[in-house]
Amino acid sequence: MGGLPVRAIDNIALEVGAGEFLVLKGKSGSGKSTLLSLIGGLDRPSSGALSVSGIDLSEVNPTQLARFRREHVGFIFQGFNLLPTLSVLENVALPALLTPTHAQDAYEKAWELLRLAELEQRAHHKPSEISGGEMQRTAIARALINTPALIIADEPTGNLDSKTGQRILNFIQELNRDLGRTVIMATHSSDADAMAHRILCLVDGRFAQTVCKE
Ligand SMILES: Nc1ncnc2c1ncn2[C@@H]1O[C@H](COP(=O)(O)OP(=O)(O)O)[C@@H](O)[C@H]1O
Ligand SMILES: [Mg+2]
């Protein structure tokens, strides 16, 4: 920050099992997004060891890192991050179209996921023509298209009303419970506490020994 180093994540030891549903809590600025960015290969650690799906992320080059993200991780963000000029169907298909091994069946798979997300009626709409909940369900379908083992969700309900947010959380729980996806989710609310296998609390870039207070 202006030449000053910021220790966003400091001295973290974390092992997440396949199929686990881990919730990261902590106040704004505690390091949740930074930790998710490291695990998802959007950022790289300045020191330490980091291995995801058997890939050592501190060793790989930028091309390999991009490939890791595309093939192993599905991202869900607070702001949905849909491409505004593409339809719902095209947004969902896009990561597969960019992946040689998945491009062939991209649209078939996208339709399948639109069914799962109950979005078939919205397939040809643009993101600006659908509701916030539908946007997030589109983003979740997109996150699943390359069948990643790991789903990373950063405050996925932050821009939604509580009823819509609950529906999104239930959908994410189904991905974990029924489809066996590992889920690592950051949130500052307690709405997901009941579905988590484990809840960790970040304070100033470190894990707190106690539960997070709201
Ligand atoms: N690009 C950046 N440059 C400088 N500091 C940053 C940057 N991104 C985040 N930080 C700082 O890192 C810390 C952790 O931020 P973040 O991971 O976004 O926390 P959270 O997601 O829990 O709100 C905060 O002190 C924040 O100000
Ligand atoms: Mg954050």
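A short tour of the structure in this document, coming up.

Quick notes on the rules
- Residues numbered from 1 in each chain as written.
- Chains lettered and ligands numbered in written order.
- Predicted model: local features only at pLDDT ≥ 70, side-chain atom pairs only at ≥ 80, totals over all residues.
- Helix = DSSP H or I, 4+ residues; strand = E, 2+ residues; numbered from the N terminus.
- Buried ≥ 20, exposed ≤ 12 C-beta atoms within 10 Å, placed from the backbone.
- Near = placed C-beta within 6 Å.
- Nonpolar A, V, L, I, M, F, W, Y, C, P; charged D, E, K, R; others polar.
- Pairing = 2+ DSSP bridges.
- Contact = placed C-beta atoms within 7 Å.
- Axes fitted to C-alpha atoms, helices over the stretch in contact; angles between N-to-C directions.
- Parallel < 35°, antiparallel > 145°, perpendicular 65-115°, else oblique.
- Left-handed = near helix turned anticlockwise from the far one by under 90°.
- Expected span 1.5 Å × (residues − 1).
- Arc of directions from axis to C-beta.
- Core = buried A, V, L, I, M, F, W, Y, C linked by C-beta atoms within 7 Å.

## Quick notes on the environment of glutamine 173
Structurally, glutamine 173 is set in helix α6 (residues 162-177). The partly exposed category is assigned to glutamine 173, around which 16 C-beta atoms lie within 10 Å. C-alpha of glutamine 173 to C-alpha of alanine 196: the two residues are 23 residues apart in sequence and 8.6 Å apart in space.

## Quick notes on the site of ligand 1
Neighbouring residues of ligand 1: Met1, Val6, Ala8, Gly26, Ser28, Gly29, Ser30, Gly31, Lys32, Ser33 and Thr34. Looking at side-chain class alone, the shell around ligand 1 contains three nonpolar, seven polar and one charged residues.

## Examining the sheet that holds strand β6 (residues 182-186)
Spatial ordering of the open sheet is given by β4-β5-β6-β1-β7-β8, a layout of six strands whose pairing is mixed. With one partner strand each, in any of the chains shown, β4 (73-77) and β8 (206-207) form the two edges of the open sheet. When strand β1 (residues 21-25) meets strand β7 (residues 198-203), the two strands line up parallel, connected through four bridges. Note on β7: the bridge partner recorded for lysine 25 is cysteine 201. Sheet strands touched by helix α1 (residues 32-39): β1, β5 (150-154), β6 and β7. Its angle to β6, the strand with the most contacts, is close to 150°. Packing against the sheet, helix α5 (residues 132-144) makes contact with β4 and β5, and its axis sits at approximately 165° to β4.

## Overview of the packing of helix α3 (residues 88-97) against helix α4 (residues 106-116)
Following both chains from N to C, one finds α3 and α4 inclined at 130°, their axes separated by 9 Å at the closest point. With respect to each other, α3 and α4 are oriented oblique. With respect to the hand of their crossing, α3 and α4 are arranged in right-handed fashion. Counting all contacts with α3, which are made through Leu89, Val92, Ala93, Ala96 and Leu97, the residues of α4 involved are Ala106, Tyr107, Lys109, Ala110, Leu113 and Leu114.

## Concerning the packing of α3 against α5
Contact geometry for α3 and α5: axes closest at 7 Å, N-to-C directions at 30°. In terms of orientation, α3 and α5 fall into the roughly parallel class. Remark: the crossing between α3 and α5 carries right-handed chirality. In this structure, α3 contributes Val88, Asn91, Val92, Leu94 and Pro95 to the contact, and α5 contributes Thr138, Ala141 and Arg142. Among the residues making up the contact of α3 with α5, the classes are represented as five nonpolar, two polar and one charged.

## Description of α6
In this model α6 runs 22 Å from its N-terminal to its C-terminal C-alpha over 16 residues, within 8% of the 22 Å that 1.5 Å per residue would give. Restricting attention to buried positions, one finds in α6 the residues Gly165, Ile168, Leu169, Ile172, Leu175 and Asn176. In a view along the axis of α6, the buried residues occupy a sector of 110°, so they form one face of it. Facing away from the buried side of α6, by more than 90 degrees, are the exposed residues Lys163 and Asn170. For α6, the elements touching its buried residues are β1, α5, β5 and β6.

## Notes on the nonpolar core
Burial of nonpolar side chains together is a common tendency in soluble globular proteins. Among the nonpolar cores identified, the biggest contains 48 residues, and Val92, Ile152 and Met185 are the most heavily contacted of them. Examining the composition of this core, we find that six residues originate from one element, α5, more than from any other. Each residue touching methionine 185, except ones within four places of it in the same chain, is listed here: Val23, Leu24, Ala153, Pro156, Ile172 and Ala192.

## Things to note about unusual backbone geometry
If you check the backbone angles, asparagine 81 has positive phi at about 55° while not being a glycine. A positive phi angle is found at glutamate 155, which is not glycine, with a value near 50°. As for its position among the elements, glutamate 155 is in the loop between β5 and α6.

## Digging into α5
With 13 residues, α5 extends 19 Å between its outermost C-alpha atoms, agreeing within 8% with the 18 Å of an ideal straight helix rising 1.5 Å per residue. Every buried residue belonging to α5 is among Glu134, Met135, Gln136, Arg137, Thr138, Ala139, Ile140, Ala141, Arg142, Ala143 and Leu144, and all of these are buried. In this structure, the buried side of α5 is in contact with β4, α3, α4, β5 and α6.

Purely spatial values, then, with no claim about function.
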